[in-house]
Amino acid sequence: MRSGEQSGRDVLTRSVRGQARRVGLGAALGCVHQLGEALVPVLIGVVIDQAVAGQDAGRLALWLVVLAVMYVALSWSFRLGARAGERGAEEAAHTLRLAIVRRVLDARGGAEEGRLPGELANVATEDAKRVGAVNMALMSGIWAVAGITASAVWLLLTSVPLGLIVLLGTPVLLWLGHLLSKPLERRSEAEQDRAAHASGVAADLVAGLRVLKGLGAQQAAVERYRRTSRASLAATLRAARAESWQTGLVLALTGGFIALIALVGGRLALDGSLTLGQLVSAVGLALFLLGPLETFAWVNAELAQGRASAARVAEVLAARPAVVGGQDPVPDPVRGELRLRGVRLGGPDGVDLDLTAGRLTGIAVTDPASAEALLRCLGRETDPESGSVELDGVPLTRLDPAGLRAAVLVAAHDAVLFDGSLAANVTAQAEAAAESAEADGAASGTTEGTAEGTAEDTADLRTERAMAAAHADEVARSLPHGAATGVGEGGRSLSGGQRQRVLLARALRAGPPVLVVHDPTTAVDAVTEARIAEGLREIRRGRTTVVVTNSPALLAVADRVVLLDGGRVGAEGTHAELVQADATYRTAVLA
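Not measured: the values here are computed from a predicted model.

Definitions and limits used
Throughout this document, residue positions are counted from 1 along each chain, in the order its sequence is written. It should be noted that, the model being predicted, local features are given only for residues of pLDDT at least 70 and side-chain atom pairs only at 80 or more, the latter also being counted only at that level, while totals for whole chains, interfaces and linings use all residues. Where side-chain values are given, they derive from all heavy atoms of the structure, hydrogens and water being excluded. When DSSP finds at least two bridges between two strands, those strands are taken to pair. In this description a helix means any DSSP run of H or I spanning at least four residues, a strand means any run of E spanning at least two, and both kinds are numbered starting from the N terminus. Orientation is described by axes fitted as lines to C-alpha atoms, over the contacting stretch for helices, and by angles from 0 to 180 degrees between their N-to-C directions. Note on contacts: a residue pair is in contact if any heavy atoms of the two residues lie within 4.5 Å. Exposure is judged per residue with a 1.4 Å probe applied to protein chains only, and the accessible area is read against the type maximum: over 50% gives exposed, under 20% gives buried, and values in between give partly exposed. What sets the label is the angle itself: under 35 degrees gives roughly parallel, over 145 gives roughly antiparallel, 65 to 115 gives roughly perpendicular, and the rest give oblique.

1. Some points on the sheet that holds strand β10 (residues 568–573)
What holds strands together in a sheet is hydrogen bonding between their backbones, with the strands either parallel or antiparallel. Taken together, 6 strands build an open sheet; the order of strands is β6-β7-β8-β3-β9-β10 and the sheet is mixed. One side of each edge strand has no neighbouring strand; the edge strands of this open sheet are β6 (408–411) and β10. In this sheet, neighbouring strand axes are inclined to one another by 20° on average, regardless of whether the strands run parallel or antiparallel. Against the sheet, helix α18 (residues 583–590) makes contact with β3 (360–365) and β9 (560–565), and its axis sits at roughly 95° relative to β9, the strand it touches most.

Structure (structure tokens):
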């Protein structure tokens, strides 16, 4: 299904349909188990009437063998049925997690809007698990129906009043259980919302721990999380109270129902309508009915929680894309000429700009908001409110977003490192691009390689060149195991300057036709920054490169520098020309 077409009901339906075979198999085996369980008290009643009352040892032995076979059959049917149900629940949850991850990683974006990363993780784990568990609940509900039906049929054959009590009373109990589950459904949704928000806040605080320590804001962060955690705890307690009330009331109603069956059966036995064996069977079936009826209470609770989680999952899957349209392939080959005409978005206010193919262009800004908005437009994370952005004469809105991102790589200032070795982080973007290119080549029947440069320019050599250009090789030499050293989650084992160099090396190693980098050296010392600027110019020679920064060292090596002032192009020229002729540029870059 496409975004915007899904509801919680759709998510549940698709989850169950996807596991119909396993749920059907588990339900069939479970029905065998429930029929066996229901027959046990019936057989015991037959044993009493035919063997015990008649003192027939032969018949007693025969019926004991039948009971033993019955127990073996119902035991194995339960094991195999439960296994099929659990497998279906886990497979459904896994499939749903993959769908959520695909939506979050969709090149059109939008799923992350208004949500912290921890919230999305909670939806992909806890909510997906609860939706998957609906398969097990559905299967268990079918088991319970089979058990109750078998009991009602036998009781009808034995005594019409007992059978009618079961047939008429069970739907009433189910209806009451459904009504009692409504508050639980609402509170369960609120509980998951609060838990997801708490997870998001925790992830956000951990990611910014160094900054918090630097600002001395640990106490404020602790207070923020304490408030969020208390709100989550309160929602959890409300949901737990609702579940306990629902379960307790359903069990009380069930107990009264079973007591009524036993009372009527006892009166029928006293007036001679039932034999001793039939009375024992009726009481045994009444006790057996506790299991299916308790199962219904559990099923109601699971369905309530599943519906609430399905609604949250549907919100993510149906999130409006940040950008729409765009099916045309990227021009092949990509020359790398970017053109902005009348672009208006946040900071930019009618920007007209030509970024020449194959050249290194520096863009300085007087307002950081202009830089952020420009990066979002070039990477097509969002479309401008008005105006257009073109790549080699083709508007970005016509191009496939995934193909565009492979051709135009925007390396954000706040990009993150993955938990792995330094080398794995540097090559991650390039390996993903290579896999994508291989898949495209296989689909088109071509075998053209994706290597850049000469035939001798191997992957290892390209990695070495990228690390040298970004001076990330110095970072590797300072680590205990070189480039094989783990950098920790988010690169927390590295300093700010080291992380920036590794991130720049990753962008350079990817080698896209168009590379846009944003403030790649703000945490690097002046000497290293100058060396990185020369390395960047050399490794990107002949390919379109845009550096959005106010760093004099980086702007000095650019072929052309553009100043964005007040959301418009204020001046153009080389760094030296602008420093000499433009006071606004001097203030922005040298102050």
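2. Comments concerning the environment of V16
Mapped onto the fold, V16 is located in helix α1 (residues 8–18). By relative accessible area, V16 is classed as partly exposed at 21%. Spatially, the C-alpha atom of V16 lies 8.9 Å from that of A89, the residues being 73 residues apart in sequence. Here V16 is in contact with V134, N135 and L138, once residues within four sequence places are set aside.

3. Section: the packing of α1 against helix α8 (residues 276–317)
Running from N to C, α1 and α8 point in directions that differ by 105°, and their axes come no closer than 7 Å. Our classification of the angle between α1 and α8 gives roughly perpendicular. Between α1, through G8, V11 and L12, and α8, the contact on the second element is made entirely by G306, R307, A310, A311, V313, A314 and L317.

4. Some details on the sheet that holds strand β5 (residues 394–395)
Pairing is antiparallel across the open sheet formed by 4 strands, whose spatial order is β2-β1-β4-β5. Strands with a single pairing partner mark the edges of an open sheet, and in this sheet they are β2 (349–355) and β5. Two strands pair when backbone bridges link them, and strand β1 (residues 338–344) and strand β4 (residues 386–391) are joined in this way by 5 bridges, in the antiparallel orientation. Residue pairing across strands places L340 opposite V389, the latter belonging to β4. Packing of helix α9 (residues 368–378) onto the sheet brings it into contact with β1 and β4, and relative to β1 it is tilted by some 125°.

All we've got here are geometric facts, nothing functional implied.
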